[in-house]
Amino acid sequence: MAKDLSWQVPGDAGNTLHIGAWRFEGDGSGPKVHLQAGVHADEIAGMLVLHQLLPRLQACQAQGRLRGSVTVVPQANPFGIGQFRQGKLLGRFHEATGQNFNRAFDHSLAMERPASNLAHWQKSLVQLASDADLVLDLHTDDEALPYLYIHRSFWPEQGLALAAALQVEVVIVWDEGGDGSFEETIINHGAPRLAATVELRGQADVSDALAQQDADGLWAWLCINGMIDEVATISEWQGEVVDMGCMETVLASCAGVLVFEKSLGDLVEEGERFARIIGCPGDPSSEVFLQAAQTGRMVTRHRERRVAQGAVVAKFTGTRLSDSYSGGVLDP
């Protein structure tokens, strides 16, 4: 049977919050793996993927085919998952502090006694994964192609098989962080063979069919990494690799109604129009047109169709360093 590693942390209102976690132990000949989802609590797809993966791991362990150990945390964030306001889940930022839930993990780990309930949760989550050989943090974007966000030290040697198994369309390779994301903190404070953030499409892409596809991909990846006594084959990866600095992020130059004229995955030429914003519906002169800064594929799109000035409208791949890139991370 799986070992129950569930734990509790204090909530902001003095309540007790629960995090469900399970570890499946094999014969010790395989790697240690940590899989988690929902650090951003409104990114649901990964939760369903791990929910589907759990019984398969349980059966594999019972059959004696599990070689290493797998820790699974299907819903990692007990703070964000309860932040409903007027029917909408606000799971990206901690309401009490305004902090992005996937930031400052490194600060919490440095504290002998975490200074806040949020830091206590962050430290406990990192400690649970800190000795793992293979670490995956499952996220989703607003609207997006499936893509992988990975440190250059893991690409392509360790990361290529993961990209192929999950059929991601884009791999974004990064070199420097500095914001203390979970992935970055694991890399800086552990010794993983691989630690990566997987973006499972967009927030609305939650279905049994997609979860089954992604769970099958994770299963194949576990097999080829020696976790499961089973032969698995994966297709040759046909996606695109782009350096993080070459990604183009387009911001809304004004507020208004956002209308996309290109779809996810479309190749957009430099200077080509891909969307428009209607600042004042009824006034044709209020329309502002958005153009691609360089030729590339549309990887993400803003989910809401009423956009605030300065909001991220879309992100594109590119082949040269973006004029707007100033270092740091892509905002996973």
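Residues numbered from 1 in each chain as written. Predicted model: local features only at pLDDT ≥ 70, side-chain atom pairs only at ≥ 80, totals over all residues. Heavy atoms only, no water.

Novice: Quick question: what am I supposed to make of the pattern of salt bridges here?
Specialist: Side chains that differ in sign of charge can pair as their charged atoms come close. Counted by the stated rule, this structure contains 20 salt bridges. Between D175 and R152 there is a salt bridge, with the nearest N and O atoms lying 2.6 Å from each other. Of the two residues, D175 sits in the loop between β12 (170–174) and α5 (182–189) while R152 sits in the loop between β11 (147–151) and α4 (159–166), which places them 23 residues apart along the sequence. When its relative accessible area of 43% is taken as the criterion, D175 is described as partly exposed. Its relative accessible area of 34% is what places R152 among the partly exposed residues. Among the ionic pairs, E272 bridges to K262, the shortest N-O distance being 2.9 Å. Separated by ten residues along the polypeptide, E272 in the loop between β17 (267–268) and β18 (273–278) and K262 in the loop between β16 (256–260) and β17 bring together distant segments of the chain. Here K262 falls in the partly exposed class, since its relative accessible area comes to 22%. (Salt bridge = Lys/Arg side-chain N within 4 Å of Asp/Glu carboxyl O. Helix = DSSP H or I, 4+ residues; strand = E, 2+ residues; numbered from the N terminus. Buried < 20%, exposed > 50% of the residue type's maximum accessible area, 1.4 Å probe, protein only.)

Novice: Hey, could you run me through helix α1 (residues 45–62) in this one?
Specialist: Because each turn of an α-helix spans 3.6 residues, side chains separated by three or four positions end up pointing in the same direction. With 18 residues, α1 ought to run about 26 Å at 1.5 Å a step, and its terminal C-alpha atoms sit 27 Å apart, in line with that. Regarding α1, the residues found buried are A45, G46, M47, V49, L50, Q52, L53, L54, L57, C60 and Q61. Of the surrounding elements, those touching the buried residues of α1 are β4 (22–25), β5 (32–37), β6 (69–73), β9 (134–141), β13 (194–202) and α6 (208–224). With its phi angle positive at about 75 degrees, G64 sits one or two positions after the end of α1. (Expected span 1.5 Å × (residues − 1). Contact = heavy atoms within 4.5 Å.)

Novice: I would appreciate a short explanation of the UniProt feature "domain: Succinylglutamate desuccinylase/Aspartoacylase catalytic" (unreviewed entry) in the protein chain in the present structure.
Specialist: The sites that UniProt annotates as "domain: Succinylglutamate desuccinylase/Aspartoacylase catalytic" (unreviewed entry) are residues 30–218. Here residues 30–218 is 34% helix and 23% strand, with 16 Å between the C-alpha atoms at its ends. (UniProt positions renumbered as here; feature names shortened; annotations may be inferred.)

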